[in-house]
Amino acid sequence: MSGDSDCTRTSPSAGSPSDNEFLPDRPKYVCSLSPDLITKAREELQEKPEWRLRDVQALRDMVCKDYPSLGTCLDDAFLLRFLRARKFDYDRALQLLVNYHTCRRSWPEVFNHLKPSAIKPVLESGFVTVLPHLDPEGRHVVCIRPDRWTPSNYPITENIRAIYLTLEKLIQSEETQVNGIVILADYKGVSLSKASHFGPFVAKKVIGILQDGFPIRIKAVNIINEPRIFKGIFAIIKPFLKEKIANRFFLHGCDLNSLHQNIPPVILPEEYGGTAGKLDISAWNELLLASEEDFLHDFSQLVLPCDSSPHDMLVSGDADEKQCDDSLRGMKPQLYYCY
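Thresholds applied
- Numbers given for residues are sequential positions, taken from 1 along each chain in its written order.
- Reporting in this predicted model follows two pLDDT cut-offs: at least 70 for local features of residues, and 80 or more for side-chain atom pairs to be given and counted; totals over whole chains, interfaces and linings ignore these cut-offs and use all residues.
- Where side-chain values are given, they derive from all heavy atoms of the structure, hydrogens and water being excluded.
- The quantity known as pLDDT measures the predictor's confidence residue by residue, on a range of 0 to 100.
- Only heavy atoms matter for contacts: two residues are in contact if any of them lie within 4.5 Å across the pair.
- What makes a salt bridge here is a side-chain nitrogen of Lys or Arg within 4 Å of a carboxyl oxygen of Asp or Glu, nothing more.
- Secondary structure elements follow DSSP: runs of H or I of four or more residues count as helices, runs of E of two or more count as strands, with numbering from the N terminus.
- Each residue's exposure class comes from its accessible area (1.4 Å probe, protein chains only) as a fraction of the maximum for that residue type: buried when under 20%, exposed when over 50%, partly exposed otherwise.
- Only Phe, Tyr and Trp rings take part, Trp by its six-membered ring, and two of them pair if their centres are within 6.5 Å. Stacked means planes under 30 degrees apart, edge-to-face means over 60, and tilted covers everything else.
- Read the arc as the range of directions from the helix axis to the C-beta atoms.
- Between any two strands, pairing holds if DSSP finds at least two bridges.
- The convention used is that axes are lines fitted to C-alpha atoms, helices contributing only their stretch in contact, and that angles between N-to-C directions extend from 0 to 180 degrees.

### Overview of the confidence of the model for the protein
So, point 1. Of all residues in the protein, 82% attain a pLDDT of 70 or more, and the chain-wide mean is 85.
So, point 2. For the stretch residues 1-5, pLDDT sits under 50, and the model shows twelve contacts to residues farther than four places along the chain or on other chains.
So, point 3. With pLDDT under 50 throughout, residues 306-339 is counted as low confidence; its partners more than four residues away or in other chains account for 44 contacts.

Below, the structure written as structure tokens:
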């Protein structure tokens, strides 16, 4: 499905009562939010149920007018993710949508042939998983454990692919779109050699995706068991973080009581002083791997048009790589000093 053909079919203006007559092949959106979450979305995201489809149509019209060759999915449910992530600000939602595609097209090592079966070794290692229980705010907890990665087995980009697919699966839920997620990163055992793989180029790409190129609300990042080397890692990351996101980082060291102030023990596995049993990665792995066909269908709608031009791209990969390689040479002494 190309962006041009979709935009050609999408001719009604925002709020037109006859939209569905022009789009017979587009799935009709049905809200799955509970009454409490509808209220929360209204209060926190400026989402008004009575205006929801009008807002979606307005964003769709903006895409077709300003980026007719974007090659994006224009279904209600898909566009709604971007509106919610930017509190129904049309311009910011459009920018996020364009960034989403720009990030995917500017990093082929991560996004080419992206599907759950392709990152099965990463899933089996336990590098990334999702805890089975929600926190008190209704948020999923994404658990990342870099010590589970052996660099000689596969490059760091495979880990990023696994994290990205995890987020793609989570954001399919309207509850997650409203509540956001929490990240728990366990840096136990991270060595200098392993940390050196996460240079400024990779850091900038990852932070760019999470901050400005993906429709998810990251409400907290909890770092546990961070070694001294993490000071060097954070020195690489921090220049790329917006103040709001930087303020959501919580460094707990080995203090589980500190972690429990942010994530209650009742939902944490025993490994982190919780009461939810041993950390089990199998349930999430099975869920993600069982979604293979869904991902193949969804990603097939995100097409890079053959007539797209550099003008449509917001990131210049070559320039970023050169700039970040220069930065890496300056950052390495910090890593060695912290180690």
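Resuming the write-up.
### Side note on the pattern of salt bridges
So, point 1. Tallied over the entire structure, the rule returns twelve salt bridges.
So, point 2. Two residues, Glu47 and Arg84, come together in a salt bridge whose shortest N-O distance is 2.8 Å. Taken together, the positions of Glu47 in the loop between helix H3 (35-45) and helix H4 (52-66) and Arg84 in helix H5 (residues 76-85) put the pair 37 residues apart, joining distant regions of the chain. Of the two residues examined, Glu47 and Arg84, each falls in the buried class.

### Quick notes on the packing of aromatic side chains
So, point 1. On inspection of all chains with the given rule, the structure shows nine aromatic pairs.
So, point 2. With a centroid separation of 5.4 Å and an interplanar angle of 80 degrees, the aromatic rings of Phe82 and Tyr100 are classed as edge-to-face. Of this pair, Phe82 sits in helix H5 while Tyr100 is found in helix H6 (residues 90-105), placing the two residues 18 residues apart along the sequence. For the residue pair Phe82 and Tyr100, the accessibility class agrees, reading buried in each case.
So, point 3. Measuring from ring centre to ring centre gives 5.5 Å for Phe295 and Phe299, while their planes differ by 40 degrees; the resulting arrangement is tilted. Here the residue Phe295 and the residue Phe299 both occupy positions in helix H17 (residues 292-300), the gap between them amounting to four residues, near one helical turn.

### Points about H3
So, point 1. Those residues of H3 that fall on the buried side of the exposure criterion are Leu37, Lys40, Ala41 and Leu45. What you see down the axis of H3 is that its buried residues fit within an arc of 100 degrees, all on one side. Turned more than 90 degrees away from the buried face of H3 sit Pro35, Asp36 and Glu43, all of them exposed.
So, point 2. Where H3 is buried, its residues touch H5 and helix H10 (174-179).

### Regarding the sheet that holds strand E2 (residues 140-144)
So, point 1. The strand order across the open sheet built from five strands is E1-E2-E3-E4-E5, with neighbouring strands paired in mixed fashion. Edge positions in the open sheet fall to strand E1 (128-130) and strand E5 (249-251), since each of these has one partner strand only. Each neighbouring strand pair of the sheet contributes to a mean axis angle of 20 degrees, computed without reference to strand direction.
So, point 2. Pairing of strand E3 (residues 181-186) with strand E4 (residues 218-224) involves six bridges; the strand directions are parallel. What sits directly across from Asp186, in E4, is Ile224.
So, point 3. The sheet contacts of helix H9 (residues 156-171) involve E1, E2 and E3, and relative to E1 the element is tilted by about 15 degrees.

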